[in-house]
Each structure stands twice: as structure tokens, then as C-alpha cells.
Amino acid sequence: MRRLSCLLGLCGVLSIMPATAAPVPHTVQAVASFTVLADVVAHVGGTHVHVTSLVPPDGDPHEFEPAPDDARQLRQADIVFMSGEGLESWFSRLAHAAGYHGTPVIVSNGISIYTPPGLRQAETDPHVWNSVPNVIIWTNNIRDALIAIDPADADSFRASAAAYVTQLRALDRDIRDRIATIPAARRRILTSHDAFGYFGRTYGLTFMAPQGLSTETEASAGDIAALIRQIRQTGVTTYFMENAADPRMVQQVARATGTRPGGELYAEALSPPGGPAPDYITMMRHNTDLMVAAMQGTR
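Everything numeric here is computed off the predicted structure, so don't read it as measured data.

Student: Which parts of the structure should I look at to understand the overall build of the chain?
Tutor: When you go through the chain residue by residue, the secondary structure sums to 11 helices and 8 strands. Taken over 299 residues, the chain has a buried fraction of 48%. Long-range contacts, defined as pairs at least 24 residues apart, comprise 65% of the intrachain contacts of the chain with a sequence gap of at least 6. Carbon and sulfur atoms form 54% of the exposed surface of the chain, whose accessible area is close to 14500 Å².

What follows is the structure, encoded as C-alpha cells:
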């Protein structure tokens, strides 16, 4: 047999061919619409997933203007994650420009949607991540989507998701415990725009803001006057700016009411890595710390 193989010129080939070929590891290329979502995808995906956020740190996901490089990222993605509920109004334009014909994973499916009361026209609040239980739903949806596209790493995705959910549940308990120390009458916060409805619903706070659910909205003079009256009646003494929102309108309200600055909240965008909110859990702790200090009157 060896003589016949050598006559056919296969001696070298037979001596170096392995018994079985080792599988080539594949890293899933994931694109997320904005940084908060990208961070959660990265926690679930671990080393098996590389995540790119379209909206950058400190970027406004309402007013995002996609660039040509974003179209390239979308074309190269194995999977795309969006929060949904009207947040990413720009995505259809980007998909058209990129020639993307896939179906993004909407991670907010299954969340009980909040519609703020008192609006002239009912609107769905898209800021679901500002309630930790909603991000647990995100985590499970992300896990299932990654398993579907990469079943070989299913056990890893399940383990990473379970570990992250444990951290989220601890975070949720901590926030509830912190808020419980504040008398109900003092649980009022003034911010730049109406991005904390889910936080308020989950943790028992009332948020006031001159702008509506999107930073693209413009408050009328009547709306501003009504907000100023509400602040004076309720005794709110502190206002907050947001890292991704224009502060001029809330500063105008602050000048009219004498409220003091309480710092910068991270409502819908993480900070760069060296900042105070480089990941979701740190962001939520940072926001809670500032709010509690303001409501206690220590800031």
C-alpha cells in the first residue's frame, strides 16, 4: 500500500495529514444601536462576540446621524440589536443606505411599556433600560438571539447571561433600598428631558422635565410656565443635566426657580471608558447616588 501511495506521489501528504481537522473559532460580529445596549450584549456574548455600538459614548440616540462607516458596520454584522419602541427612528435610513435587508433583534420585546400620563397625544416611552428589571428581559432576549445564531457556544451564552442577571438583581435591590430611605414627599427630580419614566414607575419617583420623551421635541412657553409653577409648589431644589442632552432649557427653568445644579445624569448613553458611567451597572449606580443625594438635601 505504501509503495502504491508513493508511486502516486502521496507519501508526503499521507504523513502530514491530521486525523481530524480542528474547528476554527468564530467570533460573532454584533452591532448594537447605542452604547447601553452594546454593553449588555457584550456581557452576554463574552469572548464569543465582538460588539460595535452605532451611537458613540455620550451620543444622543434620538438625534443620531449615521455616517458611511456605520453603513459598513451594518453590512458586515452577523446580528444587529435594537431596543425598539421608537428609539432608533434613524435606523431605516441607515439600513437603506447600507443595503441591509436583515431583521434586527428587538430586545425590548416582552417589556411592559410605559406611556406617560397627561400627554396631549399618547406616546410610548422608549427609555426602557432605566428600570433594571427591563434589562433582565433584555439579557434573556439577547441570550436567545445569540444561541440561535451561534448554537455551538450556547452553554457559554447561558452561563454569561445567568451571571449578569445575578448582578442585575443585586443592583435592583440596592436601588430599591436607597430610594426607600427617602420620604415619599421628597421623591421628585428635575431633569433635562423625560427619559426616566421607567425609573420612576419602578422605584417610586416623580420626574419633571422641560422636554418630552425625545430630545428633538420643543417645549412651548405654556409648558415651561406650568413646569415652573410645579417646581415652586413641590419644593424641588436641585436640577440635573444629562450627558447627551442640550442643557439650556433646564438651565432656563433653574434660573426661574432658583434650583441648584446636582450634577450630570446618564439617561441614554454611557460615558467613555474613563468616565463615571462606562457600563450599565455603573451608570445606574451613578445616577442613583446623585438622585438620592439631591432628595436628601445633601447636594
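Student: In this structure, what is going on with the sheet that holds strand 4 (residues 105–106)? I would like to understand it.
Tutor: Pairing between sheet strands relies on hydrogen bonds along the backbone, with the strands arranged either parallel or antiparallel. In space, the 4 strands of this open sheet follow the order 2-1-3-4, with parallel pairing throughout. Of all the strands in the sheet, the pair left with one neighbour each is strand 2 (49–53) and strand 4. Summarising the sheet, strand 1 (residues 28–32) and strand 2 pair through 5 bridges and their orientation is parallel. Bridging across to strand 2, alanine 32 finds its partner in serine 53.

Student: In this structure, what is going on with helix 7 (residues 154–180)? I would like to understand it.
Tutor: Helical geometry: 3.6 residues make up each α-helical turn, so side chains three or four residues apart lie on a common side. When the terminal C-alpha atoms of helix 7 are compared, their 39 Å separation across 27 residues agrees well with the 39 Å that a helix rising 1.5 Å per residue should span. Among all positions of helix 7, only Ala154, Phe157, Ser160, Ala161, Tyr164, Val165, Leu168, Leu171, Asp172, Ile175 and Ile179 are buried.

Student: Honestly, the packing of helix 4 (residues 68–76) against helix 5 (residues 91–98) in this entry has me stumped. Any pointers?
Tutor: Each packed pair of helices is defined by two parameters, the angle between the axes and the distance between the axes. Here helix 4 crosses helix 5 at 75°, and the two axes come no closer than 9 Å. By the angle class used here, helix 4 and helix 5 are roughly perpendicular. Contacts from Asp70, Ala71, Leu74 and Arg75 of helix 4 reach helix 5 at Phe91, Leu94, Ala95, Ala97 and Ala98. Each residue belonging to the contact of helix 4 with helix 5 can be placed in one class, and the counts come to 7 nonpolar, no polar and 2 charged.

Student: Would you take a moment to explain the nonpolar core for this structure?
Tutor: Soluble, globular proteins show a tendency: their nonpolar side chains are buried together. If you look at the biggest cluster of nonpolar residues, it comprises 76 residues, and the most contacted ones within it are Phe81, Trp129, Trp138 and Tyr280. Taken together, domain 1 (28–170) and domain 2 (183–296) each give at least three residues to this core, which thus spans both. Residues contacting tyrosine 280, with those up to four places away along its chain left out, are Val36, Asp39, Trp129, Ser131, Val132, Val135, Tyr164, Leu168, Leu171 and Leu270.

Student: How do you make sense of the packing of helix 7 against helix 11 (residues 280–296) when you look at a structure like this?
Tutor: Two elements in contact, helix 7 and helix 11, have axes separated by 10 Å at closest approach and are oriented at 5°. The orientation of helix 7 with respect to helix 11, classified from their angle, is roughly parallel. On helix 11, the residues touching Tyr164, Gln167, Leu168, Leu171, Asp174, Ile175, Arg178 and Ile179 of helix 7 are Tyr280, Ile281, Met284, Arg285, Thr288, Asp289, Val292 and Met295. Split by residue class, the contact of helix 7 with helix 11 holds 10 nonpolar, 2 polar and 4 charged.

Student: Can you help me understand the pairing of strand 3 (residues 79–82) in this one?
Tutor: Residues in a regular strand point their side chains to alternate faces of the sheet. Side-chain alternation along strand 3 places Ile79 and Phe81 on one buried face and Val80 and Met82 on a second face that is also buried. Examined bridge by bridge, strand 1 and strand 3 share 3 bridges and lie parallel to one another. By the bridge assignment, alanine 30 is partnered in strand 3 with isoleucine 79. The pairing of strand 3 with strand 4 spans 2 bridges and is parallel. Of the residues in strand 4, the one forming a bridge with methionine 82 is isoleucine 106. With respect to chirality, the unit in which strand 3 leads through helix 5 into the neighbouring parallel strand 4 is right-handed.

Student: What am I meant to see in the environment of valine 253 here?
Tutor: Following the sequence through the fold, valine 253 ends up in helix 10 (residues 248–257). Between the C-alpha atoms of valine 253 and isoleucine 231, which are 22 residues apart in sequence, the distance is 9.2 Å.

Student: Is there a simple way to explain the packing of aromatic side chains in this structure?
Tutor: By convention here, two paired aromatic rings are described through the distance between centres and the angle between planes. What the rule picks out here adds up to 11 aromatic pairs. Where tryptophan 129 meets tryptophan 138, the ring centres are 6.1 Å apart and the plane angle is 40°; that geometry is what we call tilted. Like tryptophan 138, tryptophan 129 is buried. Grouping aromatic residues by their ring pairs yields a cluster made of Phe64, Trp90, Phe91 and Tyr100.

Rules used throughout
- Residues numbered from 1 in each chain as written.
- Predicted model: local features only at pLDDT ≥ 70, side-chain atom pairs only at ≥ 80, totals over all residues.
- Heavy atoms only, no water.
- Helix = DSSP H or I, 4+ residues; strand = E, 2+ residues; numbered from the N terminus.
- Buried < 20%, exposed > 50% of the residue type's maximum accessible area, 1.4 Å probe, protein only.
- Contact = heavy atoms within 4.5 Å.
- Areas by Shrake-Rupley, 256 points an atom, 1.4 Å probe, with all protein chains shown as cover.
- Pairing = 2+ DSSP bridges.
- Expected span 1.5 Å × (residues − 1).
- Axes fitted to C-alpha atoms, helices over the stretch in contact; angles between N-to-C directions.
- Parallel < 35°, antiparallel > 145°, perpendicular 65-115°, else oblique.
- Nonpolar A, V, L, I, M, F, W, Y, C, P; charged D, E, K, R; others polar.
- Core = buried A, V, L, I, M, F, W, Y, C linked by side-chain atoms within 4.5 Å.
- Domains from an automatic or database assignment.
- Right-handed = clockwise from strand over helix to strand, strands pointing away.
- Phe/Tyr/Trp six-rings, centres within 6.5 Å; stacked < 30°, edge-to-face > 60°.

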